[in-house]
Each structure stands twice: as structure tokens, then as C-alpha cells.
Amino acid sequence: HYISEEVIRNIKKISTFKEKGISLTKFKQRNGLITDIILDNGLFERIISMGISPGEKIRIINEIPNAVVIKVKNKKFVLAKNIAKEIKVLKYENP
């Protein structure tokens, strides 16, 4: 997948919750809302292309050694903890 530099800049600017939330690795709730992704452009582009972006609802499925298993929409992902720690989330409860 490819995302242009302009799209990456716009996605980084769009988040109204930027700099709020805590690291996904420290998040103790089951449901969250992604508020920010603090990765270099290469990793940021890869994460966004998978559908993991600011404003998306996220569900923590499991935590395993050196990784976090999450669900975004109907897709499951395993994120290495060094990547997960750079994803910020806020508590989100399903209505």
C-alpha cells in the first residue's frame, strides 16, 4: 500500500485529541479510541494503510510477550510492543 506524504501530513493534523491519551501498552481498558500515532513516516504509513488511524475505535484482545493483539473494525492485528507504545488511546465505551 502507498500513502502520499500529503495524506500522511493531513492525517497527523486531523486528530482533535492529539497529545491526549496514554500508550497502548499502558492502557488497561478493553475498548479505546486512537488519539495519536507517534511513529516515523515509514511505520506511520504502514499502520495507516492497515486501517489503524487516529479516530478509530480499538479493542484490546490480548497481551502476549512483546506484543499486543488488537481489533480495529473487523480486523485483528498483532503489534510489537515497541510500535504499540507509540499509539495513544483514550477510554471508549460502546453504547
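For the structure itself, look to the data block above.
Below you will find a few notes about this structure. Keep in mind that this is a model prediction, so the values were computed, not measured. (Residues numbered from 1 in each chain as written. Predicted model: local features only at pLDDT ≥ 70, side-chain atom pairs only at ≥ 80, totals over all residues. Heavy atoms only, no water.)

### Quick word on the pattern of salt bridges
In a structure, side chains of opposite charge can pair up when their charged atoms sit close to one another. Short version of the rule: The rule for a salt bridge is simple: a side-chain nitrogen of Lys or Arg has to be within 4 Å of a carboxyl oxygen of Asp or Glu. The numbering of helices and of strands both runs from the N terminus, where a helix is a DSSP run of H or I of at least 4 residues and a strand a run of E of at least 2. Buried residues are those whose accessible area, probed at 1.4 Å on protein chains only, stays under 20% of the maximum for their type, while exposed residues exceed 50% and partly exposed ones sit between those limits.
Taken as a whole, this structure holds two salt bridges when the rule is applied. One salt bridge in this structure joins Lys 81 and Glu 63, with 3.0 Å as the shortest N-O distance. In this pair, Lys 81 sits in helix α3 (residues 81-84) while Glu 63 sits in strand β3 (residues 57-64), placing the two residues 18 residues apart along the sequence. Residue class for Lys 81 comes out partly exposed when judged on its relative accessible area of 28%. For Glu 63, a relative accessible area of 38% puts it in the partly exposed group.

### Thoughts on helix α2 (residues 41-49)
Counted only if it meets this: Throughout, the arc means the angular range of directions from the helix axis out to the C-beta atoms. By the criterion applied in these results, polar contacts are pairs of N or O atoms within 3.5 Å in which, for protein atoms, one can donate a hydrogen and the other can accept it, and in which residues neighboring in sequence qualify only through two side-chain atoms.
Taken as a whole, α2 has its buried residues at Phe 44, Glu 45, Ile 47 and Ile 48. All buried residues of α2 lie within an arc of 165° about the axis, which places them on one face of the element. One side-chain oxygen at the N-terminal end of α2 lies 3.0 Å from the backbone nitrogen of Gly 42; it belongs to Asp 40. Just downstream of α2, Gly 51 is the residue with a positive phi angle, here 100°.

### Details of the pairing of strand β6 (residues 87-91)
The criterion, for reference: Here the rule is simple: two strands pair whenever DSSP picks up at least two bridges between them.
For strand β1 (residues 22-23) and β6, the ladder comprises two bridges, and the chain directions are antiparallel. Each residue of the ladder has a partner; that of Ile 22, found in β6, is Val 89. Pairing analysis gives five bridges linking strand β2 (residues 31-37) to β6, with the strands arranged antiparallel. Bridge assignment links Ile 34 to a residue of β6, and that residue is Val 89.

### Things to note about the environment of Lys 57
The cut-off we apply is this: Any two residues whose heavy atoms approach within 4.5 Å are treated as being in contact.
Relative to the assigned elements, Lys 57 resides in strand β3. When neighbours within four sequence positions are excluded, Lys 57 is seen to be in contact with Gly 32, Leu 33, Lys 71, Val 72, Lys 73 and Tyr 92.

### Let's talk about the environment of Asp 36
Considering the arrangement of structural elements, one finds Asp 36 in strand β2. The spacing of Asp 36 and Ser 53 is 17 residues in sequence and 7.7 Å in space, taken between C-alpha atoms.

### Points about the sheet that holds β2
One open sheet holds the six strands; their spatial order is β1-β6-β2-β3-β4-β5, and the pairing between them is antiparallel. Only two strands of the sheet have a single neighbouring strand rather than two, namely β1 and β5 (75-80).

### A few points about the pairing of β5
Relative to β5, strand β4 (residues 67-72) runs antiparallel, the two being bridged by six bridges. Looking at the pairing, Val 69 lines up with Val 78 of β5. In textbook terms, the turn of a hairpin is the stretch between consecutive antiparallel strands, and for β4 and β5 this stretch comprises two residues, one of which, Lys 73, has a positive phi near 55°.

### Here we look at the nonpolar core
Threshold: We call a set of buried residues a nonpolar core when its members are Ala, Val, Leu, Ile, Met, Phe, Trp, Tyr or Cys and they connect through side-chain atoms within 4.5 Å of each other.
Within the largest apolar cluster, 21 residues are counted, with the highest numbers of intra-cluster contacts made by Leu 24, Ile 37, Ile 47, Ile 52, Ile 70, Leu 79 and Ile 87. Within the residue set of this core, elements represented by two or more residues are β2, α2, β3, β4, β5, α3 and β6. Ile 87 has contacts with Ile 22, Ser 23, Leu 24, Ile 34, Asp 36, Ile 37, Ile 52 and Leu 79, leaving out every residue within four places of it along the chain.

Distances and angles like these do not, on their own, reveal function.
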